[in-house]
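Observations on the three-dimensional arrangement
Residues per chain, in single letters:
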Amino acid sequence: MIRTAKRTELIEVAQGRRPADIVIQGGTVANVYSGEFLRQNVAIYQDAIAYVGENEVAVDEHTVVIDAEGMYVSPGFIEPHAHPWVLYNPVSVTAKVLPLGTTTTVNDNLFFYLHFGADGFRQLIEDLRALPGHFFWLVRLVSQADFPGERDWFHPQCIQELLAMDDVVGTAEVTRWPLLYQGDPFLLETIEAAKRAGKVVDGHTAGCSYEKLNSIAASGVSACHEAITAEEALHRLRLGMWTTLRHSSLRPDFPEIIRLITEKNVSTQRITMTVDGPHPGFIEREGFVDGLVRKAVELGVPPMTALQMATINAATYLRLDDEIGGIAPGKLADVILLPDLVTFKPSLVIAKGRIVARDGELLAPLPEIDWSRYVSKKPFLFAKERLDDERLYRYPHPKPDQPVPVAYFKSNVITQRKEVALPSVDGYADLSHHRGLLYAALIARNGQWVAKAILERFAVDIDGMASTYNTTTELLVIGKRPEAMAAAAKRVHEMGGGIVVIDSGRPVVEIPLPFTGMMTTDHSFDTAVRFHDELLAALQERGFPFHDILYTLLFLTCDFLPGLRLIPYGLYDVKRNEILLPAEKIGEKVAK
């Protein structure tokens with residue numbers, strides 16, 4: 001980390017020979033190193049802490065003196081596993097969570113890298129250094145759904161060059177963890193390079209048994225956030241993994257998983273917490289890391305323990321504890337003032353020695369980012385008129401005597417294969433007499449292929465919708481009426497990416513997401529909240545039975561969760577590792 005305060009100057013401030021820039025007086029310091037609450041003063045010089053103790057320090061007419069009487073002085077919160085692309089973008093989400101006390105986020109780079117490549121992503125990293133607070137990265141080794149040319153795009157040399165950057169603290173989760181279980185040398189080579197560079201290796205081991213976890217730990221994975229029970233979390237802890245407890249919009253698991261601490265009484269030194277990229281509405285209503293601390297304490301975790309998990313534990317896991325995570329001389333000055341240890345809503349936020357927020361309002365300026373400068377891929381490489389062909393959306397069914405595999409949604413993201421007898425019209429499945437069944441098509445943005453499926457319990461009554469918001473960022477189209485599906489797809493094409501829902505011939509939802517097809521370019525977080533809430537309400541009105549539509553869309557096109565998936569290679573049965581219906585080539589050559 002680059003810092004402005006010189007060590008000699010910090011010594012002078014600590015000894016009273018140089019005036020401090022900010023002095024916090026009369027507060028109760030949460031010392032996350034010793035686990036004590038101590039009435040002490042804190043002196044800040046430039047971007048670092050110079051003194052913590054009972055003495056007074058030198059001040060002058062420029063010193064900002066803050067009366068913290070009755071308040072708790074805490075280190076800024078750290079989110080060790082963020083996804084800054086859930087409709088919001090890195091600037092808008094920082095603007096929202098910094099006033100909530102999260103001064104450090106560590107971010108997944110997946111969609112930035114997929115669309116920018118190494119050079120564009122490197123430029124984005126450099127430009128986002130102007131954000132207030134700390135914005136670090138974890139870099140993916142592969143995507144969340146295999147695609148032709150994936151391993152060339154994620155070339156180890158490119159990834160290792162990114163790992164050499166100070167802003168990159170490690171490798172991101174490998175959601176397709178069976179590759180690690182199988183000892184895939186493509187992944188292990190870069191993991192070994194990350195280890196040599198002193199970087200962390202984040203993990204994702206959803207559904208992994210204790211016996212298989214042994215192999216994942218042996219592969220070099222440092223941490224996992226995917227436990228959904230206290231017992232699963234204990235497995236990870238016992239195998240030497242940093243165990244990140246999750247409470248998110250998709251998986252609000254704290255009531256169960258927090259029993260790891262409240263009932264099993266384990267050491268919490270290697271436990272952190274994450275909200276794991278929640279949808280915008282969740283952050284608006286539940287908070288960010290502040291919400292994790294609040295919820296943990298509500299469920300019986302001692303306030304100091306909750307603060308430690310959100311600060312020094314996360315910093316230690318990330319190997320940044322020499323710089324952030326606590327209030328001590330020489331550390332960077334990330335400090336929040338908490339009126340109480342119940343709500344954990346800061347009245348003041350200091351990041352890198354600057355007052356950046358007060359009473360929930362952001363005070364620090366945000367960088368102006370030209371998002372278009374990084375993109376190396378055009379949104380679409382074919383004319384929108386090609387989307388008028390209704391055959392793109394119909395499911396081939398030339399043998400009506402044979403049942404059709406249907407992806408039945410058991411939950412937001414888990415599907416189950418069902419075999420359904422359907423009539424055939426002109427060689428295609430006829431869904432007109434099967435309420436609740438919908439066509440789904442994943443159309444390549446280069447116009448070269450289409451993968452198809454039939455969905456059940458996604459919703460009941462959707463004429464047509466289209467979305468580039470999904471793991472592949474290709475064009476996902478869903479509905480019961482091919483003409484409406486075509487209209488939605490064409491509108492998303494016109495917007496250069498986004499989500500559109502068509503009902504009775506008119507758009508009822510239009511969400512432009514021109515930045516990688518996943519994010520708004522608006523710096524207002526409120527815009528992302530409004531988009532999310534409109535989409536969820538519209539889909540629930542049409543029979544969507546779950547609570548997190550964004551993750552349903554995101555994971556329908558992945559290739560690692562149970563059930564049937566719609567991926568670039570076709571309709572995929574994850575359990576059997578089998579393509580049930582290969583993707584079709586879309587005849588016409590695309591003009592480049």
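All of these numbers come straight from a predicted model, not from anything done at the bench. (Residues numbered from 1 in each chain as written. Predicted model: local features only at pLDDT ≥ 70, side-chain atom pairs only at ≥ 80, totals over all residues. Heavy atoms only, no water.)

**What to know about the overall build of the protein**
Within the protein one finds 18 helices and 31 strands. Here the C-alpha coordinates of the protein stretch approximately 85 × 50 × 45 Å along the principal axes. Taking all 592 residues of the protein together, 62% fall into the buried category. Long-range pairs, those at least 24 residues apart, make up 69% of the contacts in the protein with a sequence separation of at least 6. Put simply, the protein shows about 22200 Å² of open surface, and 48% of that area lies on carbon and sulfur atoms. Put simply, the protein has 60 plus and 75 minus side-chain charges, and the middle of one group is 5 Å from the middle of the other. (Helix = DSSP H or I, 4+ residues; strand = E, 2+ residues; numbered from the N terminus. Buried < 20%, exposed > 50% of the residue type's maximum accessible area, 1.4 Å probe, protein only. Contact = heavy atoms within 4.5 Å. Areas by Shrake-Rupley, 256 points an atom, 1.4 Å probe, with all protein chains shown as cover. Lys, Arg positive; Asp, Glu negative; His and termini not counted. Charge placed at Lys NZ, Arg CZ, Asp CG, Glu CD.)

**Some points on the sheet that holds strand E13 (residues 271-274)**
As summarised here, the arrangement of the eight strands in space is E6-E7-E8-E9-E10-E11-E12-E13, forming an open sheet in which the pairing is parallel. Pairing within the sheet leaves two strands with one partner each, and these edge strands are strand E6 (77-82) and E13. Judged from the three bridges that link them, strand E8 (residues 134-139) and strand E9 (residues 168-171) form a sheet pairing that is parallel. Paired with Leu 138 across the strands is Gly 170, a residue of E9. The strands that helix H9 (residues 230-238) touches are strand E11 (223-224), strand E12 (242-246) and E13; relative to E12, the one it contacts most, it runs at about 160°. (Pairing = 2+ DSSP bridges. Axes fitted to C-alpha atoms, helices over the stretch in contact; angles between N-to-C directions.)

**Description of the UniProt feature "domain: Adenine deaminase C-terminal" (unreviewed entry) in the protein**
In this numbering, the UniProt entry assigns the feature "domain: Adenine deaminase C-terminal" (unreviewed entry) to residues 413-577. Here residues 413-577 is 24% helix and 33% strand, with 18 Å between the C-alpha atoms at its ends. (UniProt positions renumbered as here; feature names shortened; annotations may be inferred.)

**Structural notes on the packing of helix H17 (residues 525-541) against helix H18 (residues 549-556)**
The contact between H17 and H18 brings their axes to 9 Å, and the two run at 80°. Here H18 runs roughly perpendicular to H17, going by the angle between their axes. Touching His 532, Leu 535, Leu 536 and Leu 539 of H17 are Ile 549, Leu 550 and Leu 553, all from H18. Here the residues of the contact of H17 with H18 are counted per class, giving six nonpolar, one polar and no charged. (Parallel < 35°, antiparallel > 145°, perpendicular 65-115°, else oblique. Nonpolar A, V, L, I, M, F, W, Y, C, P; charged D, E, K, R; others polar.)

**Quick look at the environment of Pro 423**
Along the polypeptide, Pro 423 turns up in the loop between strand E19 (415-420) and strand E20 (424-425). Here Pro 423 falls in the partly exposed class, since its relative accessible area comes to 33%. With 26 residues separating them along the chain, Pro 423 and His 397 place their C-alpha atoms 8.3 Å apart.

**What about the UniProt feature "domain: Amidohydrolase-related" (unreviewed entry) in the protein?**
Per the UniProt record, "domain: Amidohydrolase-related" (unreviewed entry) is found at residues 72-356. Counting secondary structure, residues 72-356 comes out at 39% helix and 19% strand; the distance between its end C-alpha atoms is 18 Å.

**Digging into the confidence of the model for the protein**
In this model, the protein carries a mean pLDDT of 96, and residues with pLDDT of at least 70 account for 99%. A low-confidence stretch, residues 588-592 (pLDDT under 50), is modelled with 10 contacts involving residues beyond four sequence positions or located in other chains. (pLDDT = per-residue confidence, 0-100.)

**Some points on unusual backbone geometry**
Positive phi outside glycine occurs at Arg 319, with the angle close to 65°. The phi angle at Thr 516 is positive, at roughly 65°, despite the residue not being glycine. Mapped onto the secondary structure, Thr 516 falls in the loop between strand E27 (506-512) and H17.

**With respect to the nonpolar core**
Ranked by size, the top nonpolar core spans 176 residues in total, and within it Tyr 393, Ile 443, Phe 458, Tyr 469, Ile 478, Leu 535 and Leu 553 carry the most contacts. Residue contributions to this core peak at 11 residues, all from helix H3 (residues 110-128). (Core = buried A, V, L, I, M, F, W, Y, C linked by side-chain atoms within 4.5 Å.)

**Some words on helix H16 (residues 482-495)**
The end-to-end C-alpha distance of H16 is 20 Å, a good match for the 20 Å that 14 residues give at a rise of 1.5 Å each. Of the residues making up H16, those classed as buried are Pro 482, Ala 484, Met 485, Ala 486, Ala 488, Ala 489, Val 492, His 493 and Met 495. Each element contacted by the buried residues of H16 is listed here: strand E22 (437-443), strand E24 (464-467), strand E25 (475-479), strand E26 (498-503) and E27. Just downstream of H16 lies Gly 496, where phi reads positive at about 75°. (Expected span 1.5 Å × (residues − 1).)

**Quick word on the sheet that holds strand E29 (residues 570-573)**
Taking strand neighbours across the sheet as the criterion, the three strands line up as E28-E29-E30 in an open arrangement whose pairing is antiparallel. The open sheet has two edge strands, strand E28 (564-567) and strand E30 (578-582), and neither has a second partner. Strand-to-strand, the axes of this sheet are offset by a mean angle of 30°, without reference to chain direction. For E28 and E29, the ladder comprises four bridges, and the chain directions are antiparallel. Bridged to Arg 565 within E29 is Tyr 572.

**Some thoughts on the packing of aromatic side chains**
Considering all chains together, one arrives at 20 aromatic pairs under this definition. Put simply, the rings of Phe 112, Phe 116, Phe 121, Phe 135, Trp 137, Trp 371, Tyr 374 and Phe 515 touch in pairs and so form one group of aromatic residues. For the cation-ring pair, Lys 212 lies above Tyr 181, with the distance from its terminal atom to the ring centre recorded as 5.5 Å. The ring of Phe 380 carries the charged tip of Arg 445 above its face, separated from the ring centre by 5.3 Å. (Phe/Tyr/Trp six-rings, centres within 6.5 Å; stacked < 30°, edge-to-face > 60°. Lys NZ or Arg CZ within 6 Å of the ring centre and 35° of its normal.)

**What about the state of the cysteines?**
Tallied over the entire structure, the rule returns zero disulfides. For Cys 558, which is in no disulfide, the shortest distance to another cysteine sulfur is to Cys 224 and amounts to 16 Å. (Disulfide = S-S within 2.5 Å.)

**Remarks on the layout of surface pockets**
In this structure, the largest pocket spans a volume of roughly 1100 Å³. In terms of lining, the largest pocket is formed by 46 residues, of which the most central are Thr 175, His 204, Phe 560, Leu 561 and Pro 562. Class assignment of the residues belonging to the lining of the largest pocket gives a composition of 21 nonpolar, 13 polar and 12 charged. Lining the second largest pocket are 33 residues, and of these His 115, Lys 377, Arg 445, Thr 473 and Glu 474 lie nearest its centre. Of the residues that constitute the lining of the second largest pocket, the class distribution is 14 nonpolar, 14 polar and five charged. (1 Å grid on protein atoms, 1.4 Å probe; cavity = no way out; pocket = protein on both sides within 12 Å on 5 of 7 lines; lining within 4 Å. Points joined across faces, edges and corners; volume = space filled by probe spheres on them.)

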